[in-house]
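One-letter residues, chain by chain:
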Amino acid sequence: MADETDEEEEEPAVELGEGEPVEGAPLARVASRLTWAQQKSEVVRKEGDSVVRTPDGPQTLESLLEDVDITYFETRREFEDSVREVVGTGPVPTE
């Protein structure tokens, strides 16, 4: 068993940057606030105003869902995959 002082002296596994915080929430955080299955219209009603981080900068969930053809999400994964098809993947701008 590790001594408590050993844990306090360890450095973090990942160094945090010095820049400004990134605007918006990760898509997974927004998805975790909902229960599944959900109609797209209910997702928009409940979380449409949420700002999500994307490679193109922060965008509202409602604007992202306008380009999603699915009207009913069976699972959280189906929802996240559908939104990621619209926004793509990649680094989120920090400035």
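Here's a quick rundown of the structure. Computed from a predicted structure; not experimentally measured.

Considering the packing of aromatic side chains
By convention here, two paired aromatic rings are described through the distance between centres and the angle between planes.
Part 1 of the argument: Counted under the stated rule, the structure contains 3 aromatic pairs.
Part 2 of the argument: Centroid distance tryptophan 36 to phenylalanine 73: 6.4 Å. Interplanar angle 85°. Geometry classified as edge-to-face. Highlighted residues: tryptophan 36 in the loop between α2 (27-32) and β1 (38-39) and phenylalanine 73 in strand β4 (residues 72-73), separated in sequence by 37 residues.
Part 3 of the argument: For tryptophan 36, a relative accessible area of 24% puts it in the partly exposed group.
Part 4 of the argument: Members of the aromatic cluster, joined through ring pairs, are Trp36, Phe73 and Phe79.

Quick notes on helix α5 (residues 76-87)
Part 1 of the argument: With 12 residues, α5 extends 17 Å between its outermost C-alpha atoms, agreeing within 8% with the 16 Å of an ideal straight helix rising 1.5 Å per residue.
Part 2 of the argument: Residues of α5 that are buried in the fold lie against α2, α3 (40-47), α4 (61-65) and β4.
Part 3 of the argument: With its phi angle positive at about 80°, glycine 88 sits one or two positions after the end of α5.

What about the environment of glutamate 74?
Part 1 of the argument: Relative to the helices and strands, glutamate 74 resides in the loop between β4 and α5.
Part 2 of the argument: Sequence spacing of glutamate 74 and glutamine 39 is 35 residues, and the spatial spacing of their C-alpha atoms is 8.6 Å.

Considerations on the pattern of salt bridges
Part 1 of the argument: A full pass over the atoms with the stated rule returns 5 salt bridges.
Part 2 of the argument: The partner of arginine 76 in a salt bridge is glutamate 80, with the nearest N and O atoms 2.9 Å apart. Taken together, the residues arginine 76 and glutamate 80, both in helix α5 and 4 residues apart, mark about one turn of the helix.
Part 3 of the argument: In this structure, glutamate 80 engages arginine 84 in a salt bridge whose closest nitrogen and oxygen atoms are separated by 3.4 Å. With glutamate 80 and arginine 84 both in helix α5 and 4 residues apart, the pair spans about one turn of that helix.
Part 4 of the argument: Using a relative accessible area of 11% as the deciding quantity, one classes glutamate 80 as buried.

Cut-off values and rules
- Residues numbered from 1 in each chain as written.
- Predicted model: local features only at pLDDT ≥ 70, side-chain atom pairs only at ≥ 80, totals over all residues.
- Heavy atoms only, no water.
- Phe/Tyr/Trp six-rings, centres within 6.5 Å; stacked < 30°, edge-to-face > 60°.
- Helix = DSSP H or I, 4+ residues; strand = E, 2+ residues; numbered from the N terminus.
- Buried < 20%, exposed > 50% of the residue type's maximum accessible area, 1.4 Å probe, protein only.
- Expected span 1.5 Å × (residues − 1).
- Contact = heavy atoms within 4.5 Å.
- Salt bridge = Lys/Arg side-chain N within 4 Å of Asp/Glu carboxyl O.

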